[in-house]
Protein chains: 2
Amino acid sequence: MEMPSPDPKVLSRKAELIERLEQVLPKASVIHDPSETRAYECDGLTAYKCPPLAVVLPSSTEEVSATLRICHDMNVPVVPRGSGTSLAGGALPTEDSVILGVAKLNDVLETDYDNRFIRVQTGRTNLSVTGAVEEDGFFYAPDPSSQLACAIAGNIAMNSGGAHCLKYGVTTNNLMGVKMVQMDGTIMDIGGAHLDAEGYDLLGLICGSEGQLGVVTEATLRILHKPEGARPVLMGFDSAEVAGQCVSDIIKAGVLPVAIEYMDRPCIRATEDFAGAGYPDCEALLIVEVEGSDAEIDEQLETIMKIARGHNPVDLRESSSPEESAKIWLGRKSAFGAMGKINDYMCLDGTIPISQLPYVLKRIGEMSKEFGLDVANVFHAGDGNMHPLILFDANKPGDLETCEEFGAEILKLCVEVDGCLTGEHGVGIEKRDLMLHQYDPADLEIQMAIKDVFDPKWLLNPAKVFPLASSDARRIAAE
Amino acid sequence: MEMPSPDPKVLSRKAELIERLEQVLPKASVIHDPSETRAYECDGLTAYKCPPLAVVLPSSTEEVSATLRICHDMNVPVVPRGSGTSLAGGALPTEDSVILGVAKLNDVLETDYDNRFIRVQTGRTNLSVTGAVEEDGFFYAPDPSSQLACAIAGNIAMNSGGAHCLKYGVTTNNLMGVKMVQMDGTIMDIGGAHLDAEGYDLLGLICGSEGQLGVVTEATLRILHKPEGARPVLMGFDSAEVAGQCVSDIIKAGVLPVAIEYMDRPCIRATEDFAGAGYPDCEALLIVEVEGSDAEIDEQLETIMKIARGHNPVDLRESSSPEESAKIWLGRKSAFGAMGKINDYMCLDGTIPISQLPYVLKRIGEMSKEFGLDVANVFHAGDGNMHPLILFDANKPGDLETCEEFGAEILKLCVEVDGCLTGEHGVGIEKRDLMLHQYDPADLEIQMAIKDVFDPKWLLNPAKVFPLASSDARRIAAE
């Protein structure tokens, strides 16, 4: 992957930058020793690494504003960072950039059960948002696999989803308002604890904009009542097509499970070795979970079990206890860890119309043979958000490049069947040059003109989202 | 309400404009005789009227594009119009503008039950979208009161809601993609039949942008399975505060009715005279409806009835037949017609945090006495979207002005309690000068800069959304 060239003007003024930053922040919050900045050289897309010029860890919105004002003034690019769990290189630094980490901003500012929201600083982890309200019977719905570590800031940047988003929607459906600092240091409030806002929907625009329009320091999040109960069913099938058809039929029947998760044989095998969840050895496995009172669960599962039986499953188990439920989920939840244990992998994130699942799975199988790399599939099937894991060997010359090429072909396939390049991981650096497969230049021009509005100097989260040549041209034009 | 001054350059070139439009559209689709353009002089906010320069009714996206290209070339403002049911003056023409009506664009282009969407031209009415799929067991969820007449184009422009949006969300939650024509004639596709899109969320930005960023000619809409059944409960209370508290408690209990509708005594009386639905004569009435299978309905209503009983209702009736259900809804559905029969009224559209309902209702009552004008309240209580109807006499000098002043005070009150100026009607001309109460100038500048991106000449739907002085300045600067 091509990396942008650093700006020599910025590099030469590092000492001045650090001095100015230390005037507005405690010294301990400004990290610039190369041995320490190295910890921030990559995110979850570990194939790419680049140490930043410096790292700043502000403790308040005002400190974020002061940091941005200095960088804006000195034309220093800034890479906002949540917990660094991006799988698309969304928080990958450039040599001439300052990492602005929100890790110290992790307070709960307000909980309001009457109006069902919580207001938090965005460095707070996803799971600890639920942690702050669960004793009172509430939860925050979006649940990315990385929820133990990932920050709300990153969830907003990438419009993250999760296993339970089929029923509850993704981040944008659960975000009510933000406090955001623009690149020039201006602090603005967008949305709030009410349903809608007049004027243009800036909140929707900010959500999913990958940290390129501003740094979000506070978020007002919708919280929901915990359902009375939940029950998963495990289904094994002897072909990907049949499993895909079963998903399609469940959705068509009008029942709305909270989750429909899919795993294929390579993934099942790896997780069995790793976690021993007792999954059947079959081509495709589904975990379908429904929520509600016992009566509601029984009624929904009756429909779902009937559909599953119609597809001749090789295994079909309805959980009958909390322990069984935990075991059914155990394999799925450890899938990424298990795959990482046996292989280097690249996790893709295409989204397709649900009815295209069987076709796309078949094509991925064929392409796997063409490229000579194995693929394990584990994903949110109910909403068409696929996560093919391409397995490669990082120590074998050329393997990463073949993997990237294969990945690009899979994502192009998603676009061909009327899907798109990403469901929840974002474009980052990973897919920036594929944007031209989805958008024509006029469409990209509109998007880049919107970045001009918020960040005319093109300093915020550089070299992401748009094709590198376009980003570079824009930044040079702004100088 | 101040009206913008027409551009004398545009008025003087009317003949040339008509000639050019008739070169690209059938003559019957270009209306310019003042006796005919008069039919388009206002929308649902009938207190304001202004005949347009001409009216164009294209039959295809290409004709929309050709029309816009000519107007763009000649610097003629264009007012897009769905069915003209806006209550905020969203489709009010200016003297120098062309109305672009989408009424002829009303085809269903595609229905896809596997992927649960329908693609329609946007002149199609809201109710006829459901009409196209209901025999197959599906429906389109957003249901504005005007659904028999209002067009999907207007629903998208205003991000319309409706009684059932508490459960199913508003337009933005049910819109998957659009085909949009920019002011310069460029046709673009945004979103599609998949979950999310990479890059910035332009679809969210377009939805609710009040026809100021482009003319949407096609929409891909999420359709849902019709629930097995639905059952309403009618509740009467002897004070607004108690009814408000009951709404709050239902939401807090975690049950999710599809609708919670509120009517106060003036509104109950008017609808009783008009429709005779058999409502109790009380201070405040709620209609709470739940959906699902019989078992699900019973379970939800058990919780809801228990909460209602705890608030000492003066009346509490659970429907036991389709006829009773229809009767319970009859009054609510004829409320606007009933009010119009006895009075001129202005229908407001503020949104507030649900817990503020009792306080805001009390303050509106007090303000009603101060201004000497009666108010009837009928609104979607479950999501905090209020619709106070201020009653006035259009033939009494000064009454309209007092009504406008009173309305502005109510909307400012909504902002004060952390709500906002509009839930679903939009800003239009009605609330444009109130925008400064919600936003500071820097926030408005960002929004206006986004309009610059899509419509640099500021020709699309002029004099709406932003304070008139700002719009005027922007348009003059662009010349």
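Residues numbered from 1 in each chain as written. Chains lettered and ligands numbered in written order. Predicted model: local features only at pLDDT ≥ 70, side-chain atom pairs only at ≥ 80, totals over all residues. Heavy atoms only, no water.

A.B. asks: I'm lost on the pattern of salt bridges in this one. Help?
C.D. replies: Working definition: two side chains of opposite charge can pair if their charged atoms are close together. Residues and elements named next belong to chain A. Enumeration over the complete set of coordinates arrives at 56 salt bridges over all chains. Linking Lys179 and Asp189 is a salt bridge whose minimum nitrogen-to-oxygen distance equals 3.2 Å. Of this pair, Lys179 sits in strand β8 (residues 175-181) while Asp189 sits in strand β9 (residues 187-191), and the two are 10 residues apart along the sequence. For Glu445, the salt bridge goes to Arg474, with nearest N and O atoms at 3.0 Å. Of this pair, Glu445 sits in helix α18 (residues 441-454) while Arg474 sits in helix α19 (residues 468-478); the two residues are 29 residues apart in sequence, bridging distant segments of the chain. Here Glu445 falls in the partly exposed class, since its relative accessible area comes to 38%. Classification of Arg474 as buried rests on a relative accessible area of 17%. (Salt bridge = Lys/Arg side-chain N within 4 Å of Asp/Glu carboxyl O. Helix = DSSP H or I, 4+ residues; strand = E, 2+ residues; numbered from the N terminus. Buried < 20%, exposed > 50% of the residue type's maximum accessible area, 1.4 Å probe, protein only.)

A.B. asks: What am I meant to see in the packing of α18(A) against helix α18 (residues 441-454) of chain B here?
C.D. replies: Each pair of packed helices gets described by two things: the angle between the helix axes and the distance between those axes. Where α18(A) meets α18(B), the axes come as close as 9 Å, and the angle between the chain directions of the two elements is 150 degrees. As the angle between them shows, α18(A) and α18(B) are arranged roughly antiparallel. In terms of crossing hand, the pair formed by α18(A) and α18(B) is right-handed. Mapping the contact onto sequence places A:Ile446, A:Ala449, A:Ile450, A:Val453 and A:Phe454 in α18(A) and B:Ile446, B:Ala449, B:Ile450, B:Val453 and B:Phe454 in α18(B). (Axes fitted to C-alpha atoms, helices over the stretch in contact; angles between N-to-C directions. Parallel < 35°, antiparallel > 145°, perpendicular 65-115°, else oblique. Left-handed = near helix turned anticlockwise from the far one by under 90°. Contact = heavy atoms within 4.5 Å.)

A.B. asks: Would you explain the interface of chain A and chain B in this entry?
C.D. replies: Note on interface size: it is often stated as the accessible area lost on association of the parts. The interface of chain A with chain B comprises 61 residues on the first partner and 61 residues on the second. Across the chain A/chain B interface, buried area totals approximately 5,300 Å², and carbon plus sulfur atoms make up 57% of it. Counting the contacts that link chain A with chain B gives 2 salt bridges. A:Lys252 is the salt-bridge partner of B:Asp114, the closest N and O atoms lying 2.9 Å from each other. Linking chain A with chain B are 14 residue pairs in polar contact (both at pLDDT 80 or more), by the criterion used here. (Buried area = accessible area lost by both parts, 1.4 Å probe. Polar contact = N/O pair within 3.5 Å; in protein donor to acceptor, adjacent residues only side chain to side chain.)

A.B. asks: How should the relation of the copies chain A and chain B be read in this particular structure?
C.D. replies: In this structure, two copies of a chain are linked by a rotation about an axis accompanied by a shift along it. Aligned on chain B, chain A shows an RMSD of 0.0 Å; the corresponding rotation is 180 degrees and the shift along the axis is 0.0 Å. Classification of the inter-copy transformation places it as that of a two-fold axis. Counting the interface residues of chain A, we find that 100% of their copies in chain B are interface residues as well, pointing to one common contact surface. (Least-squares fit on C-alpha atoms with pLDDT ≥ 70 in both.)

A.B. asks: Could you clarify how one ought to interpret the pairing of β9(A) in this entry?
C.D. replies: Within a regular strand, side chains alternate between the sheet's two faces. Residue and element names in this part refer to chain A. By the bridge criterion, 5 bridges tie β8 to β9 in an arrangement that is antiparallel. Residue Met180 lies in a different strand from β9, and its bridge partner there is Met188. Hairpin geometry of β8 and β9 is characterised by an intervening segment of 5 residues between the two adjacent antiparallel strands and by a positive phi of about 95 degrees at Gly185. (Pairing = 2+ DSSP bridges.)

A.B. asks: I would appreciate a short explanation of the sheet that holds strand β17 (residues 375-380) of chain A in the present structure.
C.D. replies: Across a sheet, strands are paired by hydrogen bonds formed along the backbone, either parallel or antiparallel in direction. Residues and elements named next belong to chain A. In space, the 7 strands of this open sheet follow the order β15-β12-β14-β13-β17-β18-β16, with antiparallel pairing throughout. Because the sheet does not close on itself, it has two edges, and the strands there are β15 (315-318) and β16 (344-347). Here the average twist between neighbouring strands, direction ignored, is 15 degrees. The pairing of β16 with strand β18 (residues 388-392) spans 4 bridges and is classified as antiparallel. Across the sheet, Asp344 pairs through a bridge with Phe392, a residue of β18. Lying on the sheet, helix α13 (residues 322-333) is in contact with β12 (229-237), β13 (259-264), β14 (284-292), β15 and β17; it crosses β13 at an angle near 55 degrees. Along the sheet, helix α15 (residues 357-371) makes contact with β13, β17 and β18, crossing β17 at roughly 160 degrees.

A.B. asks: Explain the nonpolar core to me, please; I cannot follow it from the model alone.
C.D. replies: Within the largest apolar cluster, 84 residues are counted, with the highest numbers of intra-cluster contacts made by A:Ile450, A:Phe454, B:Ile450 and B:Phe454. Residue contacts for A:Ile450: discarding those within four places in its chain leaves A:Leu205, A:Leu213, B:Tyr200, B:Leu202, B:Leu205, B:Val453 and B:Phe454. Ranked by size, the runner-up nonpolar core spans 50 residues in total, among them A:Val233, A:Leu286, A:Ile364 and A:Phe379. (Core = buried A, V, L, I, M, F, W, Y, C linked by side-chain atoms within 4.5 Å.)

A.B. asks: Please clarify how unusual backbone geometry should be interpreted in this entry.
C.D. replies: Trans peptide bonds make up most of the peptide bonds, and negative phi angles are found at most residues other than glycine. Residue and element names in this part refer to chain B. The residue Asn312 is not glycine, and still its phi comes out positive at about 50 degrees. Examined against the element boundaries, Asn312 turns out to sit in the loop between α12 (294-309) and β15 (315-318). Unusually for a residue other than glycine, Ala463 sits at a positive phi of about 65 degrees. With respect to the secondary-structure elements, Ala463 resides in the loop between α18 and α19 (468-478).

A.B. asks: For this particular structure, what's the right way to read the confidence of the model for chain A?
C.D. replies: Parts of the model with low pLDDT should not have their predicted coordinates read in detail. Counting all residues, the mean pLDDT for chain A is 91, and 99% of those residues have values of 70 or more. Reported for the predicted complex are a pTM of 0.86 and an ipTM of 0.78. (pLDDT = per-residue confidence, 0-100.)

A.B. asks: Hey, could you run me through the side chain of B:Arg432 in this one?
C.D. replies: Residue and element names in this part refer to chain B. Mapped onto the elements, Arg432 comes out in the loop between α16 (399-416) and α17 (435-438). Using a relative accessible area of 1% as the deciding quantity, one classes Arg432 as buried. For Arg432, the side chain forms a polar contact with the main-chain oxygen of Ala463, separated by 2.7 Å.

A.B. asks: Where do I start with the sheet that holds strand β3 (residues 78-81) of chain B in this structure?
C.D. replies: Residues and elements named next belong to chain B. The sheet built from 4 strands is open, its strands ordered β1-β2-β4-β3 with mixed pairing. Each edge of the open sheet carries a strand with a single partner, namely β1 (30-31) and β3. Inspection of the sheet shows β3 paired to strand β4 (residues 98-101) by 4 bridges, in the parallel sense. If you follow Pro80 over to β4, its bridge partner there is Leu100. Across the sheet, helix α4 (residues 61-74) is in contact with β2 (54-56), β3 and β4; its angle to β4 comes to roughly 165 degrees.

A.B. asks: What should I look at first to understand the side chain of A:Asp264 in this one?
C.D. replies: Residue and element names in this part refer to chain A. Looking at the secondary structure, you find Asp264 in strand β13. Buried charge without a partner: Asp264 forms no salt bridge, and the closest opposite charge is Arg265, 8.5 Å away. Those residues in contact with Asp264 that lie beyond four places of it in its chain are Glu283, Ala284, Val375, Ala376 and Asn377. (Lys, Arg positive; Asp, Glu negative; His and termini not counted.)

A.B. asks: When you look at α12(B) in this model, what are you seeing that I'm missing?
C.D. replies: End to end, α12(B) covers 22 Å across 16 residues, agreeing with the expected 22 Å (1.5 Å per residue, within 8%). Every buried residue belonging to α12(B) is among B:Glu296, B:Ile297, B:Gln300, B:Leu301, B:Ile304, B:Met305, B:Ile307 and B:Ala308, and all of these are buried. Where α12(B) is buried, its residues touch α12 (294-309) of chain A together with β12 (229-237), α10 (240-252), β14 (284-292) and β15 of chain B. (Expected span 1.5 Å × (residues − 1).)

A.B. asks: How should the state of the cysteines be read in this particular structure?
C.D. replies: Should the sulfur atoms of two cysteines be covalently bonded, the bond is a disulfide. Inspection of every chain in the model, using the stated rule, returns 0 disulfides over all chains. The cysteine A:Cys42 is free of any disulfide, with A:Cys50 supplying the nearest cysteine sulfur at 11 Å. Here A:Cys42 falls in the buried class, since its relative accessible area comes to 15%. As a non-bridged cysteine, B:Cys150 has B:Cys165 as the owner of its nearest cysteine sulfur, 11 Å distant. Residue class for B:Cys150 comes out buried when judged on its relative accessible area of 3%. (Disulfide = S-S within 2.5 Å.)

A.B. asks: So what exactly am I meant to see when it comes to the packing of aromatic side chains here?
C.D. replies: Each pair of aromatic rings is reported with the distance of its centres and the angle of its planes. Residue and element names in this part refer to chain A. By the definition in use, this model includes 12 aromatic pairs over all chains. Considering the side-chain rings of Phe139 and Tyr168, the 5.4 Å spacing of their centres and the 75 degrees angle between planes classify their relative orientation as edge-to-face. With a gap of 29 residues between them, Phe139 in strand β7 (residues 138-139) and Tyr168 in helix α7 (residues 165-168) connect regions that are remote in the sequence. For the pair Phe139 and Tyr168, one class covers both residues: buried. (Phe/Tyr/Trp six-rings, centres within 6.5 Å; stacked < 30°, edge-to-face > 60°.)

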